[in-house]
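Coordinate inspection notes
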Amino acid sequence: MAEVARATWEMTVSQPNETTFDVVILGGGSGGYAAALRAAQLDLSVALIEKDKLGGTCLHRGCIPTKALLHAGEIADQTRESEAFGVKAELLGVDMAGVNTYKDGVVGRLYKGLQGLVKGSKLITYVEGHGTLVAPNAVEVDGTRYTGRNVILATGSYSRSLPGLELDGERVISSEHALTLDRVPTSAIVLGGGVIGVEFASAWKSFGADVTILEALPRLVAAEDADLSKALERAYRKRGINFKVGKPFEKVERTENGVRATLAGGETVEAELMLVAVGRGPTTANLGYEEQGVTLDRGFVTTDERLRTSVPNVYAVGDIVPGLQLAHRGFQQGIFVAEEIAGLNPPVIDEAGIPRVTYSDPELASVGLTEAKAKERHGDDKVTAYTYNLGGNGRSSILKTQGFIKVVRVDDGPVVGIHMVGARVGELIAEAQLIYNWEAYPAEVAQLIHPHPTQSEALGEAHLALAGKPLHAHA
Ligand code: NAI
C-alpha cells in the first residue's frame, strides 16, 4: 500500500528551486524537527525555520534540563539515605554551579547530536530566523520567502501566567528562570500543582529547600487517576513538601526578603521566591496565522484528527494543537504529518494512548483512561480495576520504594488504563503503552514472562491477578 502511494506521489512533485520546498516547517522543536527528519527520509525537500535553538522547549528549557535537575536531586537524597543501605556517606551540600554544569553538559551533547542529524540531511535547508506566515503556502524570514507545497506550523508554547501576575524573573519566576537559578532557594512557593509544579517541588526539596505548592483544584496532578494523586500527596507529606489544595491563588506581594502569596480566604504563605507553573500557552500570536485564514481557538490551532488546519495543505503539530503538551506527542505528530504529506496514509494518533510520565519522587506514569473515565465511558458495573502493591515486588523492596500499579480493564474486554506510582515506574510505561495500544486482554499479558527480580514483574503480577491467577498477591 505504502509503496504504491509513494510512487504516485513521486510522479507528481516537481524539483524544488532554492526557496520552493515540498514542506516548509515553522518551528524547530520536537514536533517541527521530527517532521523535518521524517519528511527528508521520505525524499521530500524541507525548509526548517527556527528563531532560537534547534530542539525547542523540551531540549533546552523543558524535559531534558529538568530531568537532569531531578536526577541530581535523587543523588542528594540517596546520599542522605545511604545509611539505610548500610553505606556511610555524608551530604556536604548541593553546589548549583556544579549541578548546572552537569545539566548544561547533557543538553549540549544532545543539541550537538541533533544539529548533526539535521545538517547531515541534504534535503533539509535549516533557516535561522524569525518566520511569519505571509501566504497560505509561504513563510517569510528576514525578507526571504520560503514557499512550500505544504506548510507545517510547529511554534510550540510558552509559560503562561495569570491575569495581573507579572513574572519578574527574580522573585516571581517561570520554569525557564528556575532552570537557570544559580542557587538553591531556601524556600519556594510553587504556584500550580500540575506536572511542572510537582517536578520542581520535588527537585528543590531534594536540594534542601522548604517548598509549598499552591493548587486551586482539590488535588495535586488533577489530570491523573485520583489514586495517583492520593499516593503522591501521601509521599510528599512524608517528604515534608507542603501543599495547599482547593484554594485559588489571589495575589503575590514582594516582602523585604522575598514574596508573600495570598490565597482565596486570606491565608498567606511566604518564601524567598515563587515559581509560576499554571500551564503553557500556545505560541501563535503575531505569526500571521489568523491573517492567512488559520482558525484558532483560545490561541490553539484547530485541526482535524489528521492534523490539517482550516487552510488546505497547512498542518499543525505539537503544543499549539489542543491536547497533551508532551515532546513525544510532538515527535509522533511530526512523523504523522510527514507521512501524510508523502501519501503514506498513517493511522490517526489516539491521544489516550500517549504515555504520560511525571518525573517527581515518587514517579508517576500512566496511559489510557483513568478509572473514573473508564466507568464514564463503559459503565460503572462494566469496569474492573486491580491494584498491585509494589510491597510484593522484590526489586521495589530492594530499592525501598513504595507505590502500586493499577490496571483498569473492561470486563471481558481489554485493558483500557494503567496507572503507576513509585521509583522508576516511568521506565515501565513503555510496556504499559503497548498493552493499552494493542488492546491486550489481561489473560494475554499474563502468559508473557517478566524477568525476576525487576519492577516489570509488578505489571505482570497485576495482569495475572486480573486474569484470575494471582501469584504473589491475593485475588
Ligand atoms: P498543568 O496544566 O499540568 O498544571 C497547572 C496547574 O496549575 C493546574 O493543576 C491548575 O489547576 C493550576 N492552577 C491554574 N491556575 C491556578 C490558580 N489561580 N491558583 C492555583 N493553581 C492554579 O501545567 P504545567 O504544570 O505548568 O505544565 C505545562 C505543560 O508542560 C503541561 O501540559 C505538561 O504536560 C507539560 N510538562 C510535562 C512534563 C512531563 O511530561 N513530565 C514535565 C513538565 C511539563
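Cut-off values and rules
- Residues numbered from 1 in each chain as written.
- Predicted model: local features only at pLDDT ≥ 70, side-chain atom pairs only at ≥ 80, totals over all residues.
- Heavy atoms only, no water.
- UniProt positions renumbered as here; feature names shortened; annotations may be inferred.
- Buried < 20%, exposed > 50% of the residue type's maximum accessible area, 1.4 Å probe, protein only.
- Helix = DSSP H or I, 4+ residues; strand = E, 2+ residues; numbered from the N terminus.
- Pairing = 2+ DSSP bridges.
- Right-handed = clockwise from strand over helix to strand, strands pointing away.
- Contact = heavy atoms within 4.5 Å.
- Axes fitted to C-alpha atoms, helices over the stretch in contact; angles between N-to-C directions.
- Core = buried A, V, L, I, M, F, W, Y, C linked by side-chain atoms within 4.5 Å.
- Phe/Tyr/Trp six-rings, centres within 6.5 Å; stacked < 30°, edge-to-face > 60°.
- Disulfide = S-S within 2.5 Å.
- Parallel < 35°, antiparallel > 145°, perpendicular 65-115°, else oblique.
- Left-handed = near helix turned anticlockwise from the far one by under 90°.

As named in an unreviewed UniProt entry, the protein chain is Dihydrolipoyl dehydrogenase, taken from Asanoa siamensis. UniProt, in the comment section headed Subcellular location (unreviewed entry), describes the protein chain in these words: "Cytoplasm". According to UniProt, the comment filed for the protein chain under the heading Sequence similarities (unreviewed entry) is "Belongs to the class-I pyridine nucleotide-disulfide oxidoreductase family."

**Comments concerning the pairing of strand 1 (residues 20–26)**
Of all 7 residues that make up strand 1, 6 are buried, and the element is covered over most of its length. Here 6 bridges tie strand 1 to strand 6 (residues 144–153), and the two strands are oriented parallel to one another. By the bridge assignment for strand 6, Phe 21 is matched with Gly 148. The pairing of strand 1 with strand 2 (residues 46–50) spans 4 bridges and is classified as parallel. Paired with Leu 26 across the two strands is Ile 49, which belongs to strand 2. Each parallel crossover has a hand, and for strand 1 linked through helix 2 (residues 30–41) to strand 2 it is right-handed.

**Things to note about the UniProt feature "domain: FAD/NAD(P)-binding" (unreviewed entry) in the protein chain**
The UniProt record annotates "domain: FAD/NAD(P)-binding" (unreviewed entry) at residues 21–334. End-to-end, the C-alpha atoms of residues 21–334 are 17 Å apart, and along that stretch the chain is 32% helix and 27% strand.

**Remarks on the sheet that holds strand 9 (residues 187–191)**
Across the sheet, which stays open at both edges, the 5 strands sit in the order 8-15-9-10-11 with parallel pairing between neighbours. Across the chains shown, the open sheet's two edge strands, defined by having one partner strand only, are strand 8 (172–173) and strand 11 (242–245). Of the strand pairs in this sheet, strand 8 and strand 15 (residues 273–276) are connected by 2 bridges, and their pairing is parallel. Opposite Val 172, over in strand 15, you have Met 274 as the bridge partner. In this fold helix 7 (residues 195–207) packs onto strand 8, strand 9, strand 10 (210–215) and strand 15, with an angle of close to 170° to the strand it touches most, strand 10.

**Quick look at the nonpolar core**
One finds Ile 25, Leu 48, Ile 152 and Leu 153 to be the most contacted residues of the largest nonpolar core, which totals 50 residues. Tallying contributions element by element places helix 2 first for this core, with 6 residues. Excluding residues that lie within four positions of it along the chain, Ile 152 makes contacts with Val 23, Val 24, Ile 25, Leu 26, Ala 35, Tyr 315, Val 317, Val 337 and Ile 341.

**Brief notes about the packing of aromatic side chains**
A full pass over the atoms with the stated rule returns 3 aromatic pairs. Judged by centre distance (6.3 Å) and plane angle (35°), the ring pair of Phe 21 and Tyr 146 falls under tilted. Taken together, the positions of Phe 21 in strand 1 and Tyr 146 in strand 6 put the pair 125 residues apart, joining distant regions of the chain. Tyr 146 matches Phe 21 in its accessibility class, with the two residues each being buried. A centroid spacing of 5.5 Å and a plane angle of 55° characterise the contact between Phe 200 and Trp 204, whose relative ring orientation is tilted. Residue Phe 200 and its partner Trp 204 are both found in helix 7; the two are separated by 4 residues, about one turn of the helix. Here Phe 200 and Trp 204 have matching classes, each one buried.

**Comments concerning the state of the cysteines**
In this structure the tally under the stated criterion is 1 disulfide. Between the sulfur atoms of Cys 58 and its disulfide mate Cys 63 the distance is 2.2 Å. Here the S-S torsion is close to -135°, and the disulfide linking Cys 58 with Cys 63 is therefore left-handed. Exposure remark for Cys 58: the relative accessible area of 15% places this residue in the buried category.

**Digging into the packing of helix 4 (residues 63–80) against helix 7**
Helix-helix packing is characterised by the crossing angle of the two axes and by the distance between the axes. Between helix 4 and helix 7, the shortest axis-to-axis distance is 8 Å and the interhelical angle comes to 40°. The angle between the axes of helix 4 and helix 7 places the two elements in the oblique class. As for the relative orientation of helix 4 and helix 7, their crossing is left-handed in sense. Between helix 4, through Thr 66, Lys 67, Leu 69, Leu 70, Ala 72, Gly 73, Ala 76, Asp 77 and Arg 80, and helix 7, the contact on the second element is made entirely by Glu 199, Phe 200, Ser 202, Ala 203, Ser 206 and Phe 207.

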